[in-house]
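Residue strings, one per chain:
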Amino acid sequence: MNGARPVLPKYVDIFQNYFHDYDKKSWFNFAPFLISYHLPPNRRLEFVEEDSTLFIYQITRSATDNSQSRIDLFTSPCPLSASSVNKLSDVAKCNGQPNIRILWTDQKDLEGLQSLFGHKIEATFKDEEYIYDPRLIFEANGSRYKDLRKKTRRVEKLKPVFRELRVDDLPEAYKLLKEWRRVQGRKRDFLLDWGYTNSALERQFQIGSDNIFSWCVEIDNCLQGFAMAGPISKEVASFFIIKTNLRIDGLSEYLRWKVCGELQGFKYLNDAGDLCLPGLRQHKVKMRPIGFNKVSSVKLFL
């Protein structure tokens with residue numbers, strides 16, 4: 001692809017400006033997620049700017065032939081238009097593909113693609129992202145938040161220290177992540193976030209504090225949890241990553257509550273989906289979402 005560049009931290013403002021200007025609100029439109037998801041050589045993300053449109057491609061190396069790669073669009077062209085879709089057809093045909101997938105798309109772009117492609121499109125529902133009002137969670141008033149208050153007060157008895165994550169915290173954060181993975185088990189679906197979480201811990205300090213915020217919780221001078229968040233657009237923030245010591249009851253709720261306190265300047269908080277996991281669904285419903293953002297994948301037949 002002519003003019004393609006790898007999705008690296010130094011380009012974060014390019015992605016952020018597009019998503020801000022076109023008022024994106026999906027979790028996958030969080031620019032630091034894109035940067036952390038770029039894990040070459042097996043999975044590369046590259047982007048092209050053409051005619052004031054952003055194209056972000058995922059290039060996946062063949063499992064059987066290292067000389068062969070598949071090209072898909074990571075998310076819909078920003079902005080979506082008939083001309084931008086024609087560009088996708090050209091890219092797929094040049095790579096010898098009869099179709100091209102858009103791995104993540106929101107409902108608005110899905111409807112636009114359906115109007116452009118008609119019967120030559122195959123859409124698959126992926127997830128519903130949970131949308132919250134961070135102010136309501138932090139205030140935690142009323143009976144709806146009774147369980148949240150109970151959890152946070154239990155943790156407060158342990159005298160936790162909530163603060164910004166620093167570079168010198170990384171060894172403890174990696175150790176916590178490794179233990180979290182061991183406890184949860186390597187075969188669980190949601191452990192797919194292991195790769196980009198590991199990457200995000202390192203790359204966050206290259207991305208810059210305007211685009212990604214990170215905090216941790218210490219108990220008895222030991223790091224027991226960390227979280228990352230940041231802006232998707234002017235009104236919408238992403239709750240990107242949270243990892244805590246699973247043996248400390250209520251610590252995940254406590255850290256979510258504290259992060260919401262830091263994000264009260266945003267009208268909405270997108271906390272991704274639940275991967276159809278009952279335990280994760282119960283946990284997210286407990287935080288009282290005010291809405292949902294439907295996410296799909298799309299295959300375009302050329």
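Fair warning: this is a prediction, and the values are worked out from it, not measured in the lab. (Residues numbered from 1 in each chain as written. Predicted model: local features only at pLDDT ≥ 70, side-chain atom pairs only at ≥ 80, totals over all residues. Heavy atoms only, no water.)

(A) Inspection of the pattern of salt bridges at higher detail. The final tally for this structure, using the stated rule, is 20 salt bridges. Taking the shortest distance from any N to any O, the salt bridge between Lys286 and Asp147 comes out at 3.2 Å. Of this pair, Lys286 sits in the loop between α10 (278–285) and β12 (291–301) while Asp147 sits in helix α6 (residues 146–156), and the two are 139 residues apart along the sequence. By relative accessible area, Asp147 is classed as partly exposed at 31%. (Salt bridge = Lys/Arg side-chain N within 4 Å of Asp/Glu carboxyl O. Helix = DSSP H or I, 4+ residues; strand = E, 2+ residues; numbered from the N terminus. Buried < 20%, exposed > 50% of the residue type's maximum accessible area, 1.4 Å probe, protein only.)

(B) The side chain of Ser238, seen in detail. Note on placement: Ser238 falls in strand β10 (residues 236–244). Polar contacts involving the side chain of Ser238 include one to the side chain of Trp27, which spans 3.4 Å. (Polar contact = N/O pair within 3.5 Å; in protein donor to acceptor, adjacent residues only side chain to side chain.)

(C) Spatial organisation of the state of the cysteines. Counting across every chain of the model gives 0 disulfides. Among the cysteines around Cys260, which has no disulfide bond, Cys216 carries the closest sulfur, lying 17 Å off. (Disulfide = S-S within 2.5 Å.)

(D) Structural detail: the nonpolar core. By size, the foremost hydrophobic cluster in this structure holds 43 residues, and its most contacted members are Phe15, Phe33, Ile56, Phe74, Phe226 and Phe240. Among all residues touching Phe74, those that are not within four sequence positions of it are Phe28, Phe33, Leu34, Tyr37, Leu45, Ile56, Tyr57, Gln58, Leu103 and Trp104. (Core = buried A, V, L, I, M, F, W, Y, C linked by side-chain atoms within 4.5 Å. Contact = heavy atoms within 4.5 Å.)

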